[in-house]
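Coordinate inspection notes
Given next are the chains, with one letter for each unit.
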Amino acid sequence: MDTRPKVSSLLNRMANYTNLTQGAKEHEEAENITEGKKKPTKTILTAISMSAIATNGVVPAGGSYFMISRALGPEFGGAVGLCFYLGTTFAAAMYILGAIEIFLVYIVPRAAIFRSDDALKEAAAMLNNMRVYGTAFLVLMVLVVFIGVRYVNKFASLFLACVIVSILAIYAGAIKSSFAPPHFPVCMLGNRTLSSRHIDVCSKTKEINNMTVPSKLWRFFCNSSQFFNATCDEYFVHNNVTSIQGIPGLASGIITENLWSNYLPKGEIIEKPSAKSSDVLGSLNHEYVLVDITTSFTLLVGIFFPSVTGIMAGSNRSGDLKDAQKSIPIGTILAILTTSFVYLSNVVLFGACIEGVVLRDKFGDAVKGNLVVGTLSWPSPWVIVIGSFFSTCGAGLQSLTGAPRLLQAIAKDNIIPFLRVFGHSKANGEPTWALLLTAAIAELGILIASLDLVAPILSMFFLMCYLFVNLACALQTLLRTPNWRPRFRYYHWALSFMGMSICLALMFISSWYYAIVAMVIAGMIYKYIEYQGAEKEWGDGIRGLSLSAARFALLRLEEGPPHTKNWRPQLLVLLKLDEDLHVKHPRLLTFASQLKAGKGLTIVGSVIVGNFLENYGEALAAEQTIKHLMEAEKVKGFCQLVVAAKLREGISHLIQSCGLGGMKHNTVVMGWPNGWRQSEDARAWKTFIGTVRVTTAAHLALLVAKNISFFPSNVEQFSEGNIDVWWIVHDGGMLMLLPFLLKQHKVWRKCSIRIFTVAQLEDNSIQMKKDLATFLYHLRIEAEVEVVEMHDSDISAYTYERTLMMEQRSQMLRHMRLSKTERDREAQLVKDRNSMLRLTSIGSDEDEETETYQEKVHMTWTKDKYMASRGQKAKSMEGFQDLLNMRPDQSNVRRMHTAVKLNEVIVNKSHEAKLVLLNMPGPPRNPEGDENYMEFLEVLTEGLERVLLVRGGGSEVITIYS
């Protein structure tokens, strides 16, 4: 029965979709009120990118995290989301500290708990007061947020009204200053600004009872309180004390003096450039107003930037919005336009109304600690004080509301396991546990108590979030993914890229070391999520980018075959499955991982015999089994399963069709059919030889591992030993390259390479060894070279016996129908006569299909033979190749003799080797000789623990050139 939903029911569910958390019935339309409080970035570019992403489908809880994670994947989303969460949480601490500073300095100074008459200890006492009151304010705000978002929205209305009144008061005061500026004197000595905190009058002398007496200012600059015999500071003597208007007003023209930047180092005296001053230095007196910190554009950006990070305030609460797709773009962009106008107009008005020395006086020392903006405003400074206080409280509440929801969204996605507990919430949807963690982290920021220390790292986290929002929008636009259909149309990838570049530049302009710290934190979170295996498929842009990059790379690879210098074995590993769909020889995968060391292409293939329609489920189960085994053996590659009616056909399909474009395998790896002599079914070893023939026809290299169960696992490491290479014919360099690649893995790293070659009677063994050593030197391969001489000898009785056994058995199996008992008896006879032949291996002849390759095959012993072998087959190959030409009886005897003699030499030299590599010729022309082919190779490799038979693909794979 078809259980798929009807179209009508599907549309009904989509139309009634809500992103509100269950039980959150108290969310109100008042959400949009808070949008007007959000602050702009330096540019509106991030808002444009965010609007495009927000309107590209439903945005549930999580806001910016949801946008980034669904566009760039769980790793980027989790890393940037957590950093943004920390930034928002510390921003709450910063806003609370700002509110406490206003409260203690301008509203109720007497409420300070810690006091100090010592000016040096006064700052420390202030920090302690901020810690105590900040903690109390944090507890109150957390309680408000805990009760519910409805009350936060009610407070938001009050806070917004106070902010609007404060802004209007500044504009009114600026206009009033053009015709009636407020009385706001600043005392100057020459062009230097004096602190008014400890002086009684702005003069060197004062009148008391009609008598002129020195003022307090005199005593600070002179060593005596008397006019006579007093030694005074040289600058004090030559310059007059004057009083200037701190707020000259809009019509004063002071804007021309404040128009250009003037950054000063720490400890520099704040001076008025246009004031008259004698050209004397004088001493540095503590009654001057000094620069408290070395200022620069980058520093000021870092301190100021957190005040404009409210761009994400609406998106952080996307889960509480009725229509996030509509509210986020409209609210964010209008808020940015509004606040941008307010910020820029205030900057212009301050520069046009207020003296530069007052603007640079951070702590108000020159104006007795009075609030400059409050003095400028109309009708009362208290409008600004109260407005600023409620503004910072409101911003803190917004941060404490948005940050827990952001953390809850991350926790619910379960990409960071230990955060799972913070995904729980109350019945009304409030993230209780996330709120508690947010409060604890905010408390750490309050204990720091210094705004200047907290602000720069906040800037890094926010800028990183904005950077990835822009990146997500640009990536989705450039990839043109079918699902990228935002309702917001006023975006372009170039604008997003520009916003991303500006964010990155601001990070390093503000503070390069804080930028690096933020990136390291994000990188650690990224790698942790990647390590934990965030198995989330969200259709993110990184996957789309990977597909585009893969397509581009594949098209490039298709342009031509790889150069010899770039050749590496791209493996197709053929695995055999048992009846339970388990891999029979997992060590074959282990060997592949050791050979590849994570580099290049590895395809693991297998065949299930049957009908695809009936065996599809088995194929999926087998594929999962192989993938788990690949993961366990640390094989980085792909799995390919084929369902075919016949095993040989399935293997042929794998060899022909695996890979894509230029990313195809060039080497086939397979195991030897163990126990082929004792098997009642000849299909196993016939399938093996058929695979060899298909590989040869496809001009692919072939690696056959014999005794694969004895090969080392990845946890076994040889502390010593040899990898022996028996170089009989030239195969394009495969025998030279393979041991070098194996030694890159830790299992084989401490093994030494030994290369053996066989000399005939007419060869010069000494010259052969020199030539081979020179060849290896040019190949940059360190190996010990040895030339083995094989002399003609009489054919032994053992050789005749082995040949006769082989031929008689073949004839019997070919012309008679043996009963099972007789087959078992014959198999046992062969086993008893040769107890060492327990496993099977391959050796073969050249066939007609490989004639082209034969022209390249040559003995490698001398340079002369290399040239001579290109026109004809080398005579010295006759012994080895004739071994495999299945001709008359006497010919078989001769080949068996060569196999026995060569095996004796190999076993004598390499019986203790950790691995032996041998040339593997192709299969015989006549299929009737297949069984003899198997027998000869069995004789050739008997008595060796681990053998790798190697057959080249017909091309050079190693070169002496750089």
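- Looking up the chain in an unreviewed UniProt entry gives the name Solute carrier family 12 member 6, with the organism given as Cebus imitator.
- Regarding the chain, the UniProt comment filed under Sequence similarities (unreviewed entry) reads as follows: "Belongs to the SLC12A transporter family. K/Cl co-transporter subfamily."
- Regarding the chain, the relevant UniProt record gives this comment under Subcellular location (unreviewed entry): "Cell membrane".

Observations regarding a nonpolar patch on the surface
- A surface patch of nonpolar side chains, about 790 Å² in accessible area, is lined by Leu-504, Phe-508, Trp-512, Tyr-513, Ile-516, Met-519, Val-520 and Met-524.
- Relative to the elements of secondary structure, Tyr-513 occurs in helix H19 (residues 512-532).
- The class of Tyr-513 is partly exposed, set by a relative accessible area of 47%.

Re the side chain of Glu-633
- Mapped onto the fold, Glu-633 is located in the loop between helix H22 (612-632) and strand E8 (638-644).
- Within the buried set, Glu-633 has no salt-bridge partner at all; the shortest N-O distance to an opposite charge, 5.8 Å, is to Arg-587.
- A distance of 2.8 Å separates the side chain of Glu-633 from the side chain of Thr-590, its partner in a polar contact.
- If near-sequence neighbours (up to four positions away) are discounted, Glu-633 is found in contact with Leu-589, Thr-590, Ser-593 and Asn-714.

Topic: the sheet that holds strand E5 (residues 241-245)
- Here we have three strands laid out as an open sheet, ordered E2-E1-E5, and antiparallel in their pairing. The open sheet has two edge strands, strand E2 (192-193) and E5, and neither has a second partner.
- In this sheet, E2 lies alongside strand E1 (residues 185-189) in antiparallel orientation, the contact comprising two bridges. Each residue of the ladder has a partner; that of Met-188, found in E2, is Thr-193.

A word on helix H3 (residues 64-72)
- Burial analysis of H3 places nine of its nine residues in the buried class, which makes it a mostly covered element.
- Within the sequence span of H3, burial applies to Ser-64, Tyr-65, Phe-66, Met-67, Ile-68, Ser-69, Arg-70, Ala-71 and Leu-72.
- Phi turns positive one or two residues past the end of H3, at Gly-73, with a value near 105°.

Notes on the nonpolar core
- Ranked by internal contacts, the top residues of the largest apolar core, which has 74 residues, are Leu-82, Met-312, Ile-416, Leu-419, Cys-465 and Tyr-466.
- Of all the elements, helix H17 (residues 451-479) adds the most residues to this core, at 16 residues.
- Shared between two domains, this core takes at least three residues from each, and those domains are domain 1 (11-179 + 306-510) and domain 3 (513-560).
- Excluding its chain neighbours within four sequence positions, the residues that come into contact with Met-312 are Met-50, Ser-64, Phe-84, Cys-465, Tyr-466 and Val-469.

Concerning the state of the cysteines
- Following the criterion strictly, the structure yields two disulfides and no others.
- Between the sulfur of Cys-187 and that of Cys-202 lies a disulfide, 2.1 Å long from S to S. The sign of the S-S torsion, about 90°, decides the handedness of the disulfide formed by Cys-187 and Cys-202: right-handed. With Cys-187 in strand E1 and Cys-202 in the loop between E2 and strand E3 (205-208), this residue pair connects regions lying 15 residues apart in the sequence.
- Residue classification places Cys-187 among the buried positions, given a relative accessible area of 5%.
- The class of Cys-202 is partly exposed, set by a relative accessible area of 29%.
- Paired by a disulfide, Cys-222 and Cys-232 hold their sulfur atoms 1.8 Å apart. Handedness here is read from the sign of the S-S torsion; for Cys-222 and Cys-232, about 105°, the answer is right-handed. Linking Cys-222 in the loop between helix H7 (216-221) and helix H8 (234-238) with Cys-232 in the loop between H7 and H8, this pair joins segments that are 10 residues apart in sequence.

Structural notes on the packing of helix H4 (residues 74-107) against helix H16 (residues 432-448)
- Orientation of H4 relative to H16, taken along the N-to-C sense of each, is 55°, at an axis distance of 8 Å. Judged by the angle between their axes, H4 and H16 are oblique. As H4 packs across H16, the resulting crossing turns out to be right-handed. Of the residues in H16, those in contact with Tyr-85, Leu-86, Thr-89, Phe-90, Ala-93, Ile-96 and Leu-97 of H4 are Ala-434, Leu-437, Thr-438, Ile-441, Ala-442, Gly-445 and Ile-446.
- Here the residues of the contact of H4 with H16 sort into 11 nonpolar, three polar and no charged.

Criteria and cut-off values
Position numbers for residues start from 1 in each chain and track the written sequence from start to end. Whole-chain, interface and lining totals are the exception, using all residues; otherwise, since this is a predicted model, local features are given only for residues with pLDDT of at least 70 and side-chain atom pairs are given and counted only at 80 or more. Side-chain metrics rest on all non-hydrogen atoms present in the structure, leaving aside hydrogens and water. UniProt positions are given in the numbering used here, feature names are shortened, and annotations may be inferred rather than shown by experiment. Patch definition: residues above 30% relative accessible area lacking any salt bridge, with like charges linked at up to 9 Å and the nonpolar side chains Val, Leu, Ile, Met, Phe, Trp and Tyr linked at up to 5 Å. Areas reported as accessible are Shrake-Rupley estimates using a 1.4 Å probe. Residue values count occlusion only from the protein chains shown. Any Lys or Arg side-chain nitrogen located within 4 Å of an Asp or Glu carboxyl oxygen qualifies as a salt bridge. Each helix corresponds to a stretch of at least 4 residues labelled H or I by DSSP, and each strand to a stretch of at least 2 residues labelled E; elements are numbered beginning at the N terminus. Only protein chains enter the accessibility calculation, which uses a 1.4 Å probe; a residue whose area is less than 20% of its type maximum is buried, one above 50% is exposed, and one in between is partly exposed. We treat Lys and Arg as the positive residues and Asp and Glu as the negative residues; His and chain ends play no part in the count. Distance and chemistry together define a polar contact, namely a pair of N or O atoms within 3.5 Å, with one atom able to donate a hydrogen and the other to accept it when in protein, and with adjacent residues in sequence counting only for side-chain atoms on both sides. Contacts: residue pairs with any heavy atoms within 4.5 Å of one another. Any two strands are treated as partners once DSSP identifies two or more bridges connecting them. By nonpolar core we mean a set of buried residues, namely Ala, Val, Leu, Ile, Met, Phe, Trp, Tyr and Cys, connected to one another through side-chain atoms within 4.5 Å. Note that the domain bounds were set by an automatic or database domain assignment. Disulfides are defined in this document as cysteine sulfur pairs within 2.5 Å. For helices, the fitted line uses only the C-alpha atoms of the stretch in contact; every axis is such a line through C-alpha atoms, and the angle between N-to-C directions lies from 0 to 180 degrees. The cut-offs work like this: below 35 degrees is roughly parallel, past 145 is roughly antiparallel, 65 to 115 is roughly perpendicular, and the gaps in between are oblique. Left-handed is the label given to a crossing in which the near helix is rotated counterclockwise from the far helix by less than a right angle, and right-handed is the label when the rotation is clockwise. Any residue that is not Ala, Val, Leu, Ile, Met, Phe, Trp, Tyr, Cys, Pro, Asp, Glu, Lys or Arg is counted as polar, Gly included; the first ten are nonpolar and the last four charged.

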